[in-house]
Each structure stands twice: as structure tokens, then as C-alpha cells.
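Below, each chain spelled out in residue letters.
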Amino acid sequence: MTRETGQHGGLDQQAVLLAAGLADLAVSTLGSALGAVRGLLRRSDAAELAAQAEHDLTARGRLVLDRYAAVPPAHLEILARRAQTLRSAGDV
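Residues numbered from 1 in each chain as written. Predicted model: local features only at pLDDT ≥ 70, side-chain atom pairs only at ≥ 80, totals over all residues. Heavy atoms only, no water.

### Description of the overall build of the chain
Just so we agree on the cut-off: The secondary structure listing takes helices from DSSP runs of H or I that are at least 4 residues long and strands from runs of E that are at least 2 residues long, numbered from the N terminus. For the exposure calls, accessible area comes from a 1.4 Å probe over protein chains only, and a residue counts as buried if that area is under 20% of its type's maximum, exposed if over 50%, partly exposed in between.
Within the chain, the secondary structure is distributed over 3 helices and 0 strands. The secondary structure elements of the chain, listed N-terminal to C-terminal, are α-α-α. Looking at the chain as a whole, 1% of its 92 residues qualify as buried.

So this is what it looks like as C-alpha cells:
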């Protein structure tokens with residue numbers, strides 16, 4: 001199905017074309033992933049690779065949680081503590 005006239009189809013046609021393109025991409029990616037998994041299963045050190053992958057994913061998950069779940073300290077709170085420290089030291 002090719003369009004040589006250069007006219008844009010309706011929104012329905014564009015939605016169908018986008019869905020078909022996404023489906024093709026998903027099938028292609030899934031086929032590549034399955035080929036990689038088959039190759040990994042043929043290896044003799046598959047158990048070691050799985051353990052290393054689990055360790056890597058755990059470390060990556062920890063980094064993500066640290067990045068997004070941790071609340072940074074309040075800026076004004078930090079300034080207030082610094083001012084209090086300076087006052088108690090007699091520098092102000």
C-alpha cells in the first residue's frame with residue numbers, strides 16, 4: 001500500500017499506519033530478543049550469567065530508587081542550620 005499522490009489520509013488511516021508500524025517494530029524486536037535468549041541458553045556459563053544479570057539489575061534498581069525516591073533536603077532548612085551553627089560559633 002503506497003501513496004504516491006502526496007495527499008494525507010484521514011486520522012483513521014494515520015492511526016492504522018502507526019499501529020501497523022508499531023506492531024512491526026514490536027515483532028522485529030521480539031524476534032531479535034528471542035534469538036539472543038536462544039544464544040544465551042546454549043552457553044555453558046548460563047547460570048553465572050543469570051546471577052550476574054540479577055546482581056546488575058538489583059544495583060540498577062537501587063540506583064533508580066535512590067535517584068527518584070529520595071527527597072532532597074530542603075534548601076531553607078540547610079540555610080537555617082548553617083546560620084544556627086555560625087551563631088553558636090560566634091562568627092555572626
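### Observations regarding helix H2 (residues 46–69)
This is how it is decided: To estimate the expected span of a helix, subtract one from its residue number and multiply by 1.5 Å.
Its 24 residues place the ends of H2 33 Å apart at the C-alpha level, agreeing with the 34 Å of an ideal helix rising 1.5 Å per residue. Taken across its 24 residues, H2 has 0 buried, putting it largely on the surface.

### Some details on helix H3 (residues 75–89)
Along its 15 residues, H3 runs 21 Å from first to last C-alpha, staying within 8% of the 21 Å computed at 1.5 Å per residue. In terms of residue burial, H3 counts as a barely covered element, since only 0 of its 15 residues are buried. A positive backbone phi angle near 80 degrees is found at Gly90, which sits one or two residues after H3.

### Side note on the confidence of the model for the chain
Let me state the cut-off plainly: Values of pLDDT, which run from 0 to 100, indicate the predictor's confidence residue by residue.
Mean pLDDT for the chain: 83, with 88% of residues reaching 70 or above. Mean pLDDT in the chain bottoms out at H2, which sits at 87, and peaks at H3, which reaches 91.

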